[in-house]
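# Examining the three-dimensional arrangement
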Amino acid sequence: MQGSSALDNYDEVIAKKSLEMLLIDRTNEFRELARGIGYPSNTKNWETIVLNFCLDFNDCFKVWSDKDTTSDHNQVHRCMTQMRQIARGKSSMVEVTTLQNLAYTLAEEFKSIYHRLK
C-alpha cells in the first residue's frame, strides 16, 4: 500500500499472526464491514485493508471522545471521510452505528491479540 497505514505502528510479523488469529473467528465480520464500506472482499489482502480501516477508525474515536486530545486538520478530515464511507448508502443510523461498532470492536480485538503475542 502507498502512504502510511495504521499497521505501520505494529511489528509486521506479530501483526500478521494476530490478523490470522482474529480471522479464525471474525471472518464474517470482516466481510460484513468490507461490504459496508464498499470494499470488495475478493481482492488480494482485503483483510489487511479492512483492518487498517478499523485501526484508523479506532484512532478517530479516540480523537472524538478525548477532550484533551488536539487534532490537526488532516486528521479531522480523514475521520470525516471514514464516517462518510461508512454512512454512504445506508438508510438508518442503526446501520451506521452497527458498522462503527464492528470497526471499533475488530480493532480492539486485534490489539488485544497483538499485545498477548508481543
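Provided above is the structure to which this section pertains.
Reading the values: rules and limits
Residues numbered from 1 in each chain as written. Predicted model: local features only at pLDDT ≥ 70, side-chain atom pairs only at ≥ 80, totals over all residues. Heavy atoms only, no water. Patch = residues over 30% accessible without salt bridge, like charges linked within 9 Å, V, L, I, M, F, W, Y side chains within 5 Å. Areas by Shrake-Rupley, 256 points an atom, 1.4 Å probe, with all protein chains shown as cover. Salt bridge = Lys/Arg side-chain N within 4 Å of Asp/Glu carboxyl O. Helix = DSSP H or I, 4+ residues; strand = E, 2+ residues; numbered from the N terminus. Buried < 20%, exposed > 50% of the residue type's maximum accessible area, 1.4 Å probe, protein only. Core = buried A, V, L, I, M, F, W, Y, C linked by side-chain atoms within 4.5 Å. Phe/Tyr/Trp six-rings, centres within 6.5 Å; stacked < 30°, edge-to-face > 60°. Disulfide = S-S within 2.5 Å.

Together, F61, W64, V76, M80 and Y104 line one region of the surface with nonpolar side chains, adding up to about 460 Å² of accessible area. Position of V76 relative to the elements: it lies in helix α3 (residues 73-87). V76 gets classed as partly exposed once you look at its relative accessible area, which sits at 37%.

Turning our eyes to something else, we now look at the nonpolar core. Ranked by size, the top nonpolar core spans 29 residues in total, and within it F30, L33, L55 and F110 carry the most contacts. Of all the secondary-structure elements, those providing two or more residues to this core are α1 (12-37), α2 (46-65) and α4 (93-117).

With that out of the way, let us pick up the packing of aromatic side chains. In this description, an aromatic ring pair is defined by two values, namely the gap between the centres and the angle between the planes. In the structure shown here, the tally under the stated rule is four aromatic pairs. Judged by centre distance (5.3 Å) and plane angle (65 degrees), the rings of F61 and Y104 are edge-to-face. In this pair, F61 sits in helix α2 while Y104 sits in helix α4, placing the two residues 43 residues apart along the sequence. Relative accessible area serves as the criterion here: at 37%, F61 is assigned to the partly exposed category. On the basis of relative accessibility, which here comes to 31%, the residue Y104 falls in the partly exposed class.

Next up on the list: unusual backbone geometry. Even without glycine at this site, N45 takes up a positive phi of about 60 degrees. Mapping N45 onto the fold places it in the loop between α1 and α2. The class for N45 is partly exposed, based on a relative accessible area of 45%.

This next bit is on the state of the cysteines. Under the defined criterion, the tally for this structure stands at one disulfide. There is no disulfide at C54, and the cysteine sulfur nearest it, in C60, is 12 Å away. For C54, a relative accessible area of 0% translates into the label buried.

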